[in-house]
Every structure is written in C-alpha cells, then in structure tokens.
Amino acid sequence: MGVDDGWVEVGDRFFVRRYAFYDQNIGVVLGSGEALVIDTRSTYVHAREILEDLRELTRDPVTVVVDTHGHFDHAFGNHIFRPAIIWGQADCVPFMHQTGVARKPEIAGEAPEIADDLPEVAIDPPDRTFDDRASIDVGGREVALHFLGRGHTDHDAVITVPGTDVVWAGDLLEGGNVPFFGDGYPIDWPATAAALARMIDPDRGVVVPGHGDHAGIDFARAHVTSLTALAELARRVVAGDITLDDAVAAHPFPDYPVEDARRPLERAIAQLEGRLDV
C-alpha cells in the first residue's frame, strides 16, 4: 500500500489511509450511521484533510476518535473532530497536558513545513479513558481498546474490531524506520510487542503500524526480535560486559545507520539504572 492508494479496506468496513507526512496511517471504522477515526494527525490542516478524504467512504458523522497515544503527529488534530468523543489510555491525558504546548517549538524546528500551522493547535486530550481494556459501540459495531504495557510510550492503545482479523498497533510497531524511543520504555517494550504479536492471527491476520505499510505476523515478530536484542545489549552494557560503542555497533536494525541506535540504547540503559526522565 502506498501513499497514493487512498483508503484501503483491511477488514470488514475497517479502512486505512497512508499519508505522506511522516508516512502515517490513519484508520476509520464504519458503523451504521456513524464512524470512528483512529488518530488525528499533526495540525488542524491535517485533521481537516482526513475529514475531506473521509467523504470518499461515507457522509456519516465521526462520533468517536481514538488516540493511539499522545504524540503530536497522532493527536494534535483532535479538536477539529469535536464534538466527537475522544478515547485514549488513561496516561495519555497527563502526557498531553505535560508535553503538548511545551514541545511545539521543538516540533516546529524538526518539521518546518508545519511550523506555521502549529500556533493555532489547542491541546485537546481524550475525554474518555481506559486502563487495560474498553469496548466502544460505533453504530452497532464493537471496537475494542487494549493496553498491553509500556512500549513506545506509557499509554499505547491497541485497537481491534471483532469480526475482523485486524490489529491496529499504533507506534508499538513501525515500518521503514528504527522505532522511536524518545518517550519509550525499551526494557518493557519487547514484552508488550510480544503480547501484541500474540493477538495477530498467524494465517489471516493484518497488523497496521502507526507508520509504513500494513503487514502480517512476521512483521510483528521481527519487531519483537529486534526490540529484545536491543534491550539485551543495554543489559550487557550495564553489566560491564561491553561498552556502549560496542552495543551501538551491534545494534539490531542493520538496514539503518549505526548511530540511529545510540539514543535508544542510552534510554534503555537509563531505564535499567533507574534514571529514566520522560
């Protein structure tokens, strides 16, 4: 699936659209007379683009939004979808309050193409939350929300729709890049990714990452392997078996520059040593 393919139906009335900015996936679940949207992108301009594109599928209103997590590229468009109910894992709310406004200057520097659109963005966290699991009714269809443990953040929501073989992973899985560990928990992440992989039907299952193409169970299992290997390298550094430079050189993402692994390894080491600062 490419960014020019429009909406792709990955399960019964369960759609994904891949946007060029950050190679991001946005999801839609259609019920009877209403729709649910997964993630709202980075700005109001981006959010309105989702709503415009949604007309290709339905004229029914978006009554529910689910934030997979509180990073700007997934939740800064929230306000445009009001008065829809917005769901997220419980820790998403304080995360957005604590980091949303503060990180705008940093985001503008990293993504200058959206810098002019950021000032108007109001941080609008979820108003409905869950701890471990929740069930939402969307036009007579159940949509299930799951929290499997810390990973990309401390509040990653995984979405499934009974009757389909789709698992929406958010940024717990990421295609085409080294996973982003900036707010992550590298030591917890392997177990969380393994729990996610167990949710995927080995024969028919489709897993949709937050960024990049959707795939099957082998994609998820490969993440478990690489995340586990990174955590083990960090443990060896802390134990004094190898140096950080040795660990960076041996990082488990061979398709990407060696230095891309330094920050994840430093964060994993900090977590092991009890000095993680999120």
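Everything that follows concerns the structure shown earlier in this document.
Residues numbered from 1 in each chain as written. Predicted model: local features only at pLDDT ≥ 70, side-chain atom pairs only at ≥ 80, totals over all residues. Heavy atoms only, no water.

Notes on the overall build of the protein
Here's step 1: Scanning the protein from N- to C-terminus turns up eight helices and twelve strands.
Here's step 2: For 278 residues, the compact-globule formula gives about 19 Å, and the C-alpha radius of gyration of the protein, at 18 Å, lands near that figure.
Here's step 3: C-alpha atoms of the protein, sized along the principal axes, occupy 60 × 45 × 35 Å.
Here's step 4: Residues counted as buried form 57% of the 278 residues belonging to the protein.
Here's step 5: Across the protein, contacts joining residues at least 24 apart in sequence account for 63% of those joining residues at least 6 apart.
Here's step 6: For the protein, the accessible area works out to roughly 11,500 Å², and carbon and sulfur atoms hold 47% of it.
Here's step 7: Each charge sign in the protein was given a centre, from 23 positive and 48 negative side chains, and these centres are 3 Å apart. (Helix = DSSP H or I, 4+ residues; strand = E, 2+ residues; numbered from the N terminus. Rg over C-alpha atoms; globule rule 2.2 N^0.38 Å. Buried < 20%, exposed > 50% of the residue type's maximum accessible area, 1.4 Å probe, protein only. Contact = heavy atoms within 4.5 Å. Areas by Shrake-Rupley, 256 points an atom, 1.4 Å probe, with all protein chains shown as cover. Lys, Arg positive; Asp, Glu negative; His and termini not counted. Charge placed at Lys NZ, Arg CZ, Asp CG, Glu CD.)

So, the packing of helix α5 (residues 189-198) against helix α6 (residues 217-239)
Here's step 1: Close contact between α5 and α6 brings their axes to 8 Å; oriented N to C, the two are set at 165 degrees. By the angle between their directions, the pair α5 and α6 is classed as roughly antiparallel. In this structure, α5 crosses over α6, and the sense of that crossing is left-handed. In this structure, α5 contributes Trp189, Pro190, Ala193, Ala194 and Ala197 to the contact, and α6 contributes Ile217, Ala220, Val224, Leu227, Thr228 and Ala231.
Here's step 2: When the residues that make up the contact of α5 with α6 are grouped by side-chain class, the tally is ten nonpolar, one polar and no charged. (Axes fitted to C-alpha atoms, helices over the stretch in contact; angles between N-to-C directions. Parallel < 35°, antiparallel > 145°, perpendicular 65-115°, else oblique. Left-handed = near helix turned anticlockwise from the far one by under 90°. Nonpolar A, V, L, I, M, F, W, Y, C, P; charged D, E, K, R; others polar.)

A look at the pattern of salt bridges
Here's step 1: Inspection of every chain in the model, using the stated rule, returns 15 salt bridges.
Here's step 2: We note a salt bridge from Asp12 to Arg13, for which the minimum N-O separation is 3.3 Å.
Here's step 3: According to the relative accessible area criterion, Asp12 is partly exposed, its value standing at 40%.
Here's step 4: Ionic pairing is found between Asp12 and Arg141, a salt bridge with its closest N-O pair at 3.9 Å. Within this pair, whereas Asp12 is found in the loop between β1 (8-11) and β2 (14-19), its partner Arg141 is found in strand β9 (residues 141-146), the two being separated by 129 residues in sequence.
Here's step 5: Taken together, the shared-partner salt bridges connect Asp12, Arg13 and Arg141 into one network. (Salt bridge = Lys/Arg side-chain N within 4 Å of Asp/Glu carboxyl O.)

Describing the pairing of strand β3 (residues 24-30)
Here's step 1: Counting buried residues along β3, seven of its seven residues qualify, which places the element largely inside the surrounding structure.
Here's step 2: Covered by surrounding structure in β3 are Gln24, Ile26, Val28 and Leu30 together with Asn25, Gly27 and Val29, the residues of both alternating faces.
Here's step 3: Summarising the sheet, β2 and β3 pair through six bridges and their orientation is antiparallel. Across the sheet, the residue bridging to Phe14 is Val29, located in β3.
Here's step 4: Linking β2 to β3, which pair antiparallel, is a turn of four residues; within it Tyr22 sits at a positive phi near 65 degrees.
Here's step 5: Where β3 lies against strand β4 (residues 35-38), four bridges are found, and the strand directions are antiparallel. Pairing of Val28 across the sheet is with Val37, part of β4. (Pairing = 2+ DSSP bridges.)

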